[in-house]
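Analysis of the macromolecular model
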Amino acid sequence: MATRLPEKEIVVIGGGLTAGLVARRLVPAGREVLVLERGPDWSGSAVGELPHQRDELRWSTYRGMTRRENVETYTLRHSPDEEALPMRQLLSFLPGFGVGGAAQHWNGQTWRFSESDYVLRQHLTERYGAKSIPDGMTIQDWGLTYRDLQPYYEEFEALFGIAGKAGNLKGVRQAGGNPFEPWRATEYPLPPLEMSEASQIFKDATGQLGYEAFPLPAANASQPYRNPDGMQLGQCQYCGHCERFTCEANAKATPASLLFPLVRSRPNFELRAGAEVIRLNTTADGTRLESVSYVDVATGQEFIQPGSLFVLCSYTLSNVRLLLLSKIGTPYDPVTRTGTVGKNYCYQVTSGLNMFFPDRYINPFMGAGALGFVIDDFNNDNFDHTGLGFHGGGYISATQTNGRPIDTRRLPPGTPRWGSAWKKANADWYLRSMSISLHGSNYANARNYMDLDPDYKDQWGRPLLRITFDFDENDALMCRFANGRMEEIAAAAGAKIVSKPGVRKSPYDTRQYQSTHNTGGTIMGADPNSSVVSPHLQSWDVENLFISGASVFPQNSGYNPTGPVGALGLRLAGDLLSYLSDPRRLG
Amino acid sequence: MLPDEPQGLSRRSLLTGAGALGVGAGVVAAAPGAVLVRQAGAEEASPPATASGQAAQPDAVAGYQSLGIEEAAIVEALVAHMWPADDLSPDGVALGIAIFIDRQLAGAYGQGDRLYLSGPFRQGKPEHGYQLACTPEACLKTGLRHLAEISDRRHAAPPDRLTADQLEALLHDISETPPEPGAFDLKAWFNELFYPLFVRGAFADPIYGGNRDKQAWRMIGYPGLPATYTTDMVTWRGRRHPASDTPMSIQDFS
Ligand SMILES: Cc1cc2nc3c(=O)[nH]c(=O)nc-3n(C[C@H](O)[C@H](O)[C@H](O)COP(=O)(O)OP(=O)(O)OC[C@H]3O[C@@H](n4cnc5c(N)ncnc54)[C@H](O)[C@@H]3O)c2cc1C
Ligand code: SF4
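Everything numeric here is computed off the predicted structure, so don't read it as measured data. (Residues numbered from 1 in each chain as written. Chains lettered and ligands numbered in written order. Predicted model: local features only at pLDDT ≥ 70, side-chain atom pairs only at ≥ 80, totals over all residues. Heavy atoms only, no water.)

1. Remarks on the sheet that holds strand β22 (residues 497-498) of chain A
Residue and element names in this part refer to chain A. Here is the rule: A strand pair is defined by DSSP finding two or more bridges across the two strands. Segments assigned H or I by DSSP are reported as helices when at least four residues long, segments assigned E as strands when at least two residues long, and all are numbered from the N terminus. By the convention used here, residues are in contact when the closest approach between their heavy atoms is within 4.5 Å. Here the axes come from fitting lines to C-alpha atoms, over the contacting stretch only for helices, and the angles between their N-to-C directions go from 0 to 180 degrees.
Spatial strand order, β8-β17-β18-β19-β16-β22: six strands in an open sheet with antiparallel pairing. Both outer strands of the open sheet, β8 (214-215) and β22, are each paired with one neighbouring strand and no more. Summarising the sheet, strand β16 (residues 349-356) and strand β19 (residues 433-440) pair through eight bridges and their orientation is antiparallel. The partner of F356 across the bridge, within β19, is S433. Running at roughly 20° to β16, helix α9 (residues 473-493) makes contact with β16, β17 (372-375), β18 (394-399), β19 and β22 of the sheet.

2. Overview of the site of ligand 1
All names here are of chain A. In plain terms, the rule: Being near a molecule or strand, for a residue, means having at least one of its heavy atoms within 4 Å of it. Polar contacts, as used here, are pairs of N or O atoms within 3.5 Å; protein pairs need one atom able to donate a hydrogen and one able to accept it. Residues neighboring in sequence count only if both atoms are side-chain atoms.
Around ligand 1 sit 36 residues in total, of which T18, E37, Q109, S318 and T562 are the nearest. The contact in question runs from an oxygen atom of ligand 1 to an N or O atom on the backbone of L17, over 3.1 Å. Here S318 contributes a side-chain N or O atom positioned 2.7 Å from a nitrogen atom of ligand 1. Those elements that place two or more of their residues in the shell around ligand 1 are α1 (17-26), β3 (33-37), β12 (275-282) and α7 (315-325).

3. Thoughts on the sheet that holds strand β20 (residues 449-457) of chain A
All names here are of chain A. Pairing in this open sheet of four strands is mixed, and the strands run β5-β4-β21-β20 from one edge to the other. At either end of the open sheet lies a strand with only one pairing partner, and these are β5 (85-86) and β20. Judged from the four bridges that link them, strand β4 (residues 74-77) and strand β21 (residues 463-468) form a sheet pairing that is parallel. Paired with L76 across the two strands is I467, which belongs to β21.

4. Here we look at the pairing of strand β2 (residues 8-13) of chain A
Residues and elements named next belong to chain A. Inclusion rule: Residue exposure (1.4 Å probe, protein chains only): buried if accessible area is under 20% of the type maximum, exposed if over 50%, otherwise partly exposed.
For β2, a buried count of six out of six residues is recorded, marking the element as mostly surrounded by other parts of the structure. By the bridge criterion, five bridges tie β2 to strand β14 (residues 301-312) in an arrangement that is parallel. Bridging across to β14, I10 finds its partner in L309. The sheet contact formed by β2 and β3 spans four bridges and is parallel. Bridging across to β3, I10 finds its partner in V33.

Structure representation (structure tokens):
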């Protein structure tokens, strides 16, 4: 029998990045906030302390900070006419688990999306004509523009102490920054990180080709930093244990270092860890949320938590699954292309090549989550796509994040996989190799979506989320094009040996980590018939429910998602205050 | 030693009284099957093995938890072959890779601690990844059995009695040949189960039993902990960092 608890004003589902952004604003404003997080509170455990923080096997190979698959995983099929199979080990992406969410073990590569991203269909139609957009490419506009988000990007970067170099201050081009950057009001809060040998090689090579490489914007503090809230970050140690780990030096901007400490001791804030939300309960007429049901994982007890305002911050995949399990909204149907929940699931198209330099020490172990030089010339619509047969693109970079030896040992093509020659190649090249990579867009496709699996269940007996996804022709063509640019850069760099970049094409391989940049499924837009939430992230179906995170992106850009996720989260916090003072449909 | 006994170590040969300690090109290998070396933080007391072939110290903690005698013999033969003794390091058994694999099989990973193991079980595409109904431990052992059968069919000998050339050919064969329909998938077994364990055993922190005395780290120049490089980014950019020669592990700080 579930126990009914006293009502809270605001109930936040999930305790990661966007939850932290919401709490940080609403709690000091005197609002009562309860955060329900299914995972543990990591603070004070081995995960963040030396020497155990540097355990590659535990935290990286065995994915120690992420949700255990036997509790909940996802099923995958490559097209709507196949049967899905569960991802029995989650290798391709790593949903967060525990206070801070995925933003506790992220890299920190912090971008603003291009101005064209928010109006993608309109932009491509204007520039290339409606016919250039294939029928199956179900890209949509966001219902807002870059101008609406710009101040929130500014605020997010200040909160998270982003290290970088401006390329465009109020429309004035800045040397050393991204020539394609959307305009910004102020310089980055911190100067760029100190670059590695690999990054220098990349900068020189791209320079020879006429590109202007610039430092990747990083949430790894290049200097000690105090943010506008008075929260403190230490200086990055270039320790090479960033992604998949927490930061031992408190230099990586995370919710647990910057957001939750600000509100934790306030009487009007409560964070319940180990609280797995299993259902959102609507009122009888379905127009409002009345409560959520959650299980206390330490006792197995089920609780009903009533509230007056609900914010779904449980990451892309959980956001969609909870709506479907709770029968909120209309599930998307890929045949009729009607319905909206689960629609436009997108991922990220990545590839890369390795370069080998017999006479140069690259020292790959000195790295940081977002360390590197980048060129943005081939991202999104930064270049003319006429006649290319695809839309989209990506940034090309030499990021040096780590040289952790189980995973990051580059070997020249043709090296045997074992034996003395293999050992020797490891000894010869570990310190003397680097990679260049593409981080590319993934534009929506009518066949890629999420719904509930008919066969497979989680440990509570509820259907798993089924992902129907594959890379399409547009992705493969874009990837092939960008790979060509990477090969030119490798040639200019004068590498002795260069590996061939793979083309990211069908079938999508769940065995390889590609990124935790799953987007879509509760997409935003101005039209209730084609979106789940309004441009203010308010559910079209349930007025007192707001949804936060990359699940609201109508399609994925050629950048990492957390910049706009953060900006949207800050904008949402303001909207929630406005809603609380006058509950209504916003905008 | 039998005439066709490969160089390296065989637990079976020890058990049959034909074993020899210290086989290998000037590299002193530890006793087969009793190879776990725990440095116990005693860095000064036990000088690191070097590329010139100094021995790692034998350890008090030894013996297999998961692997039976025949299984251990095969695993040792594979890791000694795949990580042979040469002027870079002693062989994979002496490096602790077999003990690492054994401990992983007996531990949370091998028991499928976090693996999703609910049915229905369907034959997936390779891109669907692990789709078996068994734990990694059980699956690894099934694969060892299949490997032994093939070896027996081809050479009338178990894998640990093959010559280096025979074993090499066998490993290439199973790692490259797709399975017959309905047959146990040795290709996926090798590439997705055995091989990754082998690599982890070589390169994981020595607390797990492999990479004994950080020899694999030293071989490639990975400094391990403590990894605070703020000023080093400038000082050692483009130069060999001295910490590459003196790696530090979790053991060293525990
Ligand atoms: C290894 C890695 C590297 C990354 N690197 C980058 C990068 O460099 N740049 C970038 O832009 N992005 C990066 N990301 C992505 C980034 O972490 C996410 O975009 C960001 O954390 C999303 O914020 P969120 O609030 O939507 O979700 P999260 O921060 O993941 O928080 C969601 C929380 O909700 C909880 N939750 C889920 N379901 C429930 C439930 N039913 N009940 C209760 N709680 C629930 C989860 O446990 C989790 O803690 C990376 C991610 C990973 C894993
Ligand atoms: S690389 Fe820098 S920011 Fe990342 S974990 Fe290490 S010290 Fe922290």
